[in-house]
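Okay, here's what each chain looks like letter by letter:
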Amino acid sequence: MIANRDLAQAAEVEKGDEELDELMLQVSREISSAAPGTFTAGQVIDMTPLIRFYERIGDHAVSLVRRVGFLVTGDAMDTLSEGVDVPEF
């Protein structure tokens, strides 16, 4: 992203984070709506923080690319999904 000054790559990270957020919600719904006996208590205990950790990794990736976007453009990158042209240095 820095070498190519390509903020489209950063926007893809943000899009991927939105997909992770939705996946976390979907898995949470499936766990909570599952018929009794579908999952053991141990499986629920393992899956619950696991899906949350993956979601947080996505959040950190977005934070990182926004910071790198700031280094590349000099402007705050509140959202990358709108697409931003990067002038030559």
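Quick caveat: nothing in here was measured; it's all calculated off a predicted structure. (Residues numbered from 1 in each chain as written. Predicted model: local features only at pLDDT ≥ 70, side-chain atom pairs only at ≥ 80, totals over all residues. Heavy atoms only, no water.)

As for the environment of Leu23
Counted only if it meets this: Numbering of helices and strands runs from the N terminus, with a helix taken as a DSSP run of H or I at least four residues long and a strand as a DSSP run of E at least two residues long. Only protein chains enter the accessibility calculation, which uses a 1.4 Å probe; a residue whose area is less than 20% of its type maximum is buried, one above 50% is exposed, and one in between is partly exposed.
Residue placement: Leu23 occurs in helix 1 (residues 7-33). A relative accessible area of 44% means that Leu23 is categorised as partly exposed. Residues Leu23 and Tyr54 lie 31 residues apart in sequence; the distance between their C-alpha atoms is 9.7 Å.

Quick look at helix 2 (residues 41-73)
Under the convention used in this document: Here, expected helix span is obtained from the residue count minus one, scaled by 1.5 Å. Two residues form a contact once any of their heavy atoms are found within 4.5 Å.
Here helix 2 spans 49 Å end to end across 33 residues, near enough to the 48 Å set by a 1.5 Å rise per residue. Ile51, Glu55, Gly58, Val62, Val65, Val68, Gly69, Val72 and Thr73 are the residues of helix 2 that are buried. Among the structural elements, helix 1 are those in contact with the buried residues of helix 2. Positive phi shows up at Gly74, right after helix 2, with a value of about 85°.

Brief notes about the pattern of salt bridges
The criterion, for reference: Salt bridges are defined as contacts in which a side-chain nitrogen from Lys or Arg sits within 4 Å of a carboxyl oxygen from Asp or Glu.
If you walk through the whole model with that rule in mind, you get 4 salt bridges. Between Glu14 and Arg66 there is a salt bridge, and its shortest N-O distance comes to 3.4 Å. Residue Glu14 is located in helix 1, and its partner Arg66 is located in helix 2; the two are separated by 52 residues in the primary sequence. Classification of Glu14 by relative accessible area gives buried; the value is 6%. For Arg66, a relative accessible area of 29% gives the class partly exposed. Measuring nitrogen to oxygen at the nearest pair gives 3.0 Å for the salt bridge that ties Asp59 to Arg56. Highlighted residues: Asp59 and Arg56, both in helix 2, separated by 3 residues, approximately one helical turn.

What to know about the confidence of the model for the protein
Interpretation of the predicted coordinates at a detailed level should be avoided for regions scoring low in pLDDT. Just so we agree on the cut-off: A residue's pLDDT is simply how confident the predictor is in it, with values from 0 to 100.
Per-residue confidence for the protein gives a mean pLDDT of 82, with 84% of residues at or over 70. Segment residues 83-89: pLDDT under 50, and 9 contacts once partners within four positions in sequence are set aside and those in other chains are kept.

Quick look at the packing of helix 1 against helix 2
Applied cut-off: Between N-to-C directions, angles span 0 to 180 degrees; the directions come from axes that are lines fitted to C-alpha atoms, helices contributing only their stretch in contact. Each angle receives one of four descriptions, namely roughly parallel if under 35 degrees, roughly antiparallel if over 145, roughly perpendicular if within 65 to 115, and oblique otherwise. Each crossing gets its hand from how the near helix is turned against the far one by less than a right angle, where anticlockwise is left-handed and clockwise is right-handed. Charged means Asp, Glu, Lys or Arg here, nonpolar means Ala, Val, Leu, Ile, Met, Phe, Trp, Tyr, Cys or Pro, and polar covers whatever is left, Gly included.
With their axes 9 Å apart at the nearest point, helix 1 and helix 2 run at an angle of 165° to one another. By the angle between their directions, the pair helix 1 and helix 2 is classed as roughly antiparallel. The way helix 1 lies across helix 2 gives a crossing that is left-handed. Here the residues of the contact of helix 1 with helix 2 sort into 14 nonpolar, 4 polar and 7 charged.

Some details on helix 1
Along its 27 residues, helix 1 runs 39 Å from first to last C-alpha, staying within 8% of the 39 Å computed at 1.5 Å per residue. Looking at the buried residues of helix 1, the elements they touch are helix 2.

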